[in-house]
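Next come the chains, spelled out residue by residue.
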Amino acid sequence: MIRSLAIVLVVGVVIAIAIVLPAEYGRDPTGVGRMLGLREMGEIKAALAAEAAAHAAADSAMPGTLARPGAGAMFDSTSVIVPPGQTRTLMLEMAGDARVDYRWSAAGGMVNHDLHGVSPTVGYRSYAKGTGVKSDSGVLLAAFNGQHGWTWRNGAADSIVVSLRVIGQYDELKRRP
Amino acid sequence: MTRRLSAILVLSALLLLVAAPTDLPAHDVTTGDRGYIQAILGVHLIPFAYLGAKHMVTGYDHLLFLLGVIFFLYRLKDIGLYVTLFAVGHSTTLLVGVVAGVGVNSHLVDAIIGLSVVYKALDNLGAYPRFFGFQPDARAATLVFGLFHGLGLATKIIDFEMANEGLIANLVAFNVGVEIGQVLALSAILVVMTHWRQTRSFLRHAAAANIAIMAAGVALIAFQLAGFFGGAG
């Protein structure tokens, strides 16, 4: 009786420490979570929770100062995970001279970034580039009809979560692997 | 004594309802499991298996039904058979439901899952021969209700808005995780049940326990129907 209950208890504690802790909170005392790819899940969840808390704090601290979408304006808030040594791209379908206000930040490390536009007629044009950057914000003015957006590269050993907020004139936010 | 036991069981069932983990939308940022799933791309087998197992272990509706199913099953062979029937049922509708995009109202599916709990508890109480004069096939019922439990899982996965890339692989991993979670939860339930069965109190309180399970099932149905008609959530 005592023995089987003790086994259940021990298994439960082991699962909680080795699996649940990394997967839910990104804490990985045993290293098992990292091996299984579960620590990454916890880190992303923690980053998203921090982002949500930051948004909520910003909204309550400065009511009304956040730009609200005007008529015909679009708004998106999204996150993308950039695995080590890889790139991820988010693009906005924009008309020439369209304007979008943006803000992004990287959680878990620094990224290299390239703000650029592409179209079949113009090809590729870079607006701004940077290396080892934690966050950036500003105005994206589309120089031509096409897709305009960000490519982030992660040169570090751990995954990085980039959170992006955009507001302005565009048709669609597209995710390119 | 019996009354106290059933009161405890009903109370714990209600506590489970209140303490049920939910991914509340915080402002405009999607957090929790849903946020994670939307932030990743491609095949992630072990993380999705984890999410499947988590869903099962924290899914008190599935666990209550399982508890009802194994309540009077003593032989390991029978337990294996019924749990397999349940697994075949929910795996089928989980995979087919998500791939075909069968979006059923989650409140209605969850109400039917609550009904499966009530059904099984009544079955354990011997209600069908007594009131209707016949005993429905318990194996068929387990399979059919398994199909509904899978539909409930599928509805929740559709709500996660998983990316199309690697969907099938991630889905199968999620399903494997559901089965792992089921084995883990079942093991814990069986350890407690086995000890309880060895005491005299088991037969004395078995009816009360099933009434408590039924009460929890009725609470689940009421909760979900209120959500369906009230539009809450």
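On a predicted model such as this, the values are computed, not experimentally measured, just so you know. Chains are numbered independently. Their residues run from 1 in the order of the written sequence. Key to labels: chains lettered from A, ligands numbered from 1, both in the order written. A pLDDT threshold of at least 70 governs which residues receive local features in this predicted model, and a stricter bar of 80 or more applies before side-chain atom pairs are shown or counted, although totals over entire chains, interfaces and linings include all residues.

### Focus on the environment of Arg39 of chain A
Residue and element names in this part refer to chain A. What counts here: By the criteria applied, helices consist of DSSP H or I runs no shorter than four residues and strands consist of E runs no shorter than two, each listed in order from the N terminus. Counting other C-beta atoms within 10 Å of a residue's C-beta gives its exposure: the residue is buried at 20 or more, exposed at 12 or fewer, and partly exposed in between, where C-beta atoms are placed from the backbone. By the convention adopted here, residues make contact when the C-beta atoms placed from their backbones lie within 7 Å.
Looking at where Arg39 falls in the secondary structure, it is placed in helix α3 (residues 38-61). Accessibility expressed as a C-beta count within 10 Å gives 22 for Arg39, which makes it buried. Separated by 12 residues in the primary sequence, Arg39 and Arg27 place their C-alpha atoms 7.0 Å from one another. In this structure Arg39 touches Pro22, Gly26, Asp28, Gly33 and Arg34, once residues within four positions along its chain are discounted.

### Here's the deal with the pairing of strand β2 (residues 87-94) of chain A
Residues and elements named next belong to chain A. Put simply, the test is: Being paired, for any two strands, means DSSP has found at least two bridges between them.
The pairing of β2 with strand β7 (residues 146-153) spans 8 bridges and is antiparallel. Along β7, the bridge assignment pairs Leu92 with His148. One ladder, built from 4 bridges, connects β2 with strand β9 (residues 173-176); its direction is antiparallel. Counterpart to Met91 in the pairing with β9 is Lys174.

### Some remarks on the sheet that holds strand β5 (residues 123-133) of chain A
Residues and elements named next belong to chain A. The condition that has to hold: To get an axis, fit a line to the C-alpha atoms, keeping to the stretch in contact for a helix; angles then go from 0 to 180 degrees between the N-to-C directions.
If you walk across this open sheet you meet the 5 strands as β5-β4-β7-β2-β9, and the pairing is antiparallel. Only two strands of the sheet have a single neighbouring strand rather than two, namely β5 and β9. For this sheet, the mean inter-axis angle between neighbouring strands, taken without regard to orientation, is 20 degrees.

### Focus on the pairing of strand β4 (residues 111-119) of chain A
All names here are of chain A. Direction of pairing for β4 relative to β5: antiparallel, over a ladder of 8 bridges. The residue bridging Val118 from the neighbouring strand is Tyr124, located in β5. Between β4 and β5, which follow one another and run antiparallel, lie 3 residues. By the bridge criterion, 7 bridges tie β4 to β7 in an arrangement that is antiparallel. Bridging from a neighbouring strand, His116 pairs with Gly149 of β7.

### Notes on the environment of Gly130 of chain A
Residues and elements named next belong to chain A. When you line up the elements, Gly130 lands in strand β5. A tally of 12 C-beta atoms within 10 Å means that Gly130 is categorised as exposed. Note: C-alpha distance between Gly130 and Asp114 (16 residues apart in sequence) is 6.7 Å. Once residues lying within four places of it in the same chain are set aside, the contact partners of Gly130 are Asn112, His113 and Asp136.

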